[in-house]
Amino acid sequence: MTPTLHQLNSADPAEAMRLLDGLYEHSPWIAEQALAQRPFASLAALKHAMVTVLAHASVDAQLTLIRAHPELAGKAMVSQSLTAESTHEQTKAGLTNCTPEEFAHIQQLNAQYNAKFGFPFILAVRGPRGTGLAKREIIATFERRLGNPVDFERAECLRNIHRIAEIRLNDKFGFEPVLGNEVWDWHEDLSRHSDPAFAEQGQLTVTYLTDAHRACAADLVVRMRECGFDEVDIDAVGNVVGRYHGATPDAPTLLTGSHFDTVRNGGKYDGRLGIFVPMACVKQLHAAGRRLPFAIEVVGFSEEEGQRYKATFLGSGALTGHFNPTWLDQQDADGVTMRAAMLHAGLPATLEAIGALRRDPSKYLGFVEVHIEQGPVLNEMDLPLGVVTSINASVRYLCEAIGMASHAGTTPMNRRRDAASAVAELALHAEQRAAADGDSVATIGMLQVPGGSINVVPGRCLFSLDLRAPSNAQRDALERDILAQLLAICERRGIGLKTEETMRAAAAPSAPAWQARWETAVNALGVPLHRMPSGAGHDAMKLHEVMPQAMLFVRGLNSGISHNPLESTTSDDIELCVRAFSHLLEQLATEHKH
Ligand SMILES: [Zn+2]
């Protein structure tokens, strides 16, 4: 019979140990120490207790645990001496029926990996959905991880061990992340649309108003109707808007959503998670025939990434009345104006129609957005959710350092006016200055010597500066110091300088009451609370200009990598996110009950 969490909480120690048997390979001490923290509020709380035990264990104990695992498709598999759990997992991943070539390749990877790291390669082969990774994904992951530094890879093995334990625990307690699985599948399904040149290479790229983009919008419309939204439309800038009515016609509205466009060769979850999670909540409300004392408006924003046109945040900006009229005449790389693209998509392409999208903030309670973290913090801390405190302020510059191009052989070092070396000096300073704040970041992402030659001292250097910090004041101080240093470096080296500010965005601190609702929701799930700033810009930044907002982050796998096809998250984490969103809805419903 499947045990319950209540049974685990009230069992005697021997019985409790029996219930958690085999979670961590040949290492019952992890469950044993975690059980000292009973009672657990949820399976998520139990998982985190075990994560904490291992995090506090010595490196030796961690290595012993890693080494207790069998090699992937290794000798233990061949001689059938694996634990029952491991046999089941490796069979499910198709590793027991490798071709001789695949088998030989994996053996070679095992040998290389062991030689470099001194422990076996560990991968949760049942993957982020729990249904099993394909053999080719397993081999690609193996090859990629061989390049990691040793300490990082040890931590990555431990994360995979926790994922294996999470799936084993789910199996034991008969828990299936049904909502998370469904939302995970929606992402997979929507990712079948991609712009042609990228689709051919199996990459995901959906840019503003392309055929793939319009196919995504059409899919979202269908999916929203299936979920039970009362009104679903595509608006004048191509946003997909679903409304689920409140209990009364005059009820206020909660606004939520995120974007469905992608960067080139992007991930499946960036933006889309923030559309699908509230859709899953509405689906549950509709299935239960429930109406809340407020309406829910979920918007799939058509454009956030600024890929096809330089019109970042076009979708959310239209709701705040920030559509720039000159954008309509802007051309894409093929010379197609935005106006033409809109007309082709059946949109009116008039400023009147776009202007009419502006929302009246007095009708709205506020804006919330769920988003994949797009960074390594939650992954590294082994936490599924993070509550956002503020979206960082940012400023960007395009700069040019002008020195003197001269002969690399004949110009003595003390007579040079080397533009690239000046920028190199700045780069190191910017790195140290941002690091000193702890939570500021500074990046020189573009660095070019136009027309440079191997035997010429660089006469010009073009570079970019991207500076971000959690508050405007901190960003301003960072900017002041880095620009002052830039001037000093250029002056000392006899270098001329041109700087052009290309973007400046204010910090968007979360509204305290809304941040508190996310925190209450996370606590209610038994998941440890972690507050963090958002280094990336999000649609919430635009809505912040007209109404209170707060965001919730979900952990990404592979160090939280994003804007990359390796972007990934588990259906267990998505499940927690859907539940957190539902909890926030329930809190609001209680607050607005008359
Ligand atoms: Zn995004």
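Since the structure is predicted, the reported quantities are computational estimates derived from the model, not experimental observations.

1. Re helix α3 (residues 28-35)
Next, step 1: All buried positions along α3 are accounted for by Ile-30, Ala-31, Ala-34 and Leu-35. In a view along the axis of α3, the buried residues occupy a sector of 130°, so they form one face of it.
Next, step 2: The secondary structure elements touched by the buried residues of α3 are α1 (5-10), α2 (13-19), α4 (43-56) and α5 (59-67).

2. Here we look at the packing of α4 against helix α10 (residues 150-172)
Next, step 1: Relative orientation of the contacting elements α4 and α10 amounts to 150°, with a least axis distance of 11 Å. Judged by the twist between their axes, the crossing of α4 over α10 is right-handed. On α10, the residues touching Leu-43, Leu-46, Lys-47, Met-50, Val-51 and Leu-54 of α4 are Leu-158, His-162, Glu-166, Leu-169 and Asn-170.
Next, step 2: Looking at the contact of α4 with α10, its residues break down into 7 nonpolar, 2 polar and 2 charged.

3. Re the coordination of the zinc ion
Next, step 1: Protein coordination at the zinc ion comes from His-259 (NE2), Asp-270 (OD) and His-371 (NE2), with a distance range of 2.0 to 2.3 Å.
Next, step 2: Along the chain, the residues donating to the zinc ion are arranged with the sequence spacing H-x10-D-x100-H. With His-259 in strand β3 (residues 253-259) and His-371 in strand β5 (residues 364-372), this residue pair connects regions lying 112 residues apart in the sequence.
Next, step 3: Here His-259 falls in the buried class, since its relative accessible area comes to 1%.

4. Quick word on the packing of aromatic side chains
Next, step 1: Under the defined criterion, the tally for this structure stands at 10 aromatic pairs.
Next, step 2: Grouping aromatic residues by their ring pairs yields a cluster made of Tyr-113, Phe-117, Phe-119, Phe-121 and Phe-142.
Next, step 3: One residue, Arg-159, lies across the ring of Phe-152, its end atom 5.4 Å from the ring centre.
Next, step 4: Across the ring face of Trp-514, the terminal group of Arg-517 is positioned such that the distance to the ring centre comes to 4.3 Å.

The rules behind each value
Residues numbered from 1 in each chain as written. Predicted model: local features only at pLDDT ≥ 70, side-chain atom pairs only at ≥ 80, totals over all residues. Heavy atoms only, no water. Buried < 20%, exposed > 50% of the residue type's maximum accessible area, 1.4 Å probe, protein only. Helix = DSSP H or I, 4+ residues; strand = E, 2+ residues; numbered from the N terminus. Arc of directions from axis to C-beta. Contact = heavy atoms within 4.5 Å. Axes fitted to C-alpha atoms, helices over the stretch in contact; angles between N-to-C directions. Left-handed = near helix turned anticlockwise from the far one by under 90°. Nonpolar A, V, L, I, M, F, W, Y, C, P; charged D, E, K, R; others polar. Donors = N, O, S within 2.8 Å, 3.2 Å for Na, K, Ca; no water. Phe/Tyr/Trp six-rings, centres within 6.5 Å; stacked < 30°, edge-to-face > 60°. Lys NZ or Arg CZ within 6 Å of the ring centre and 35° of its normal.

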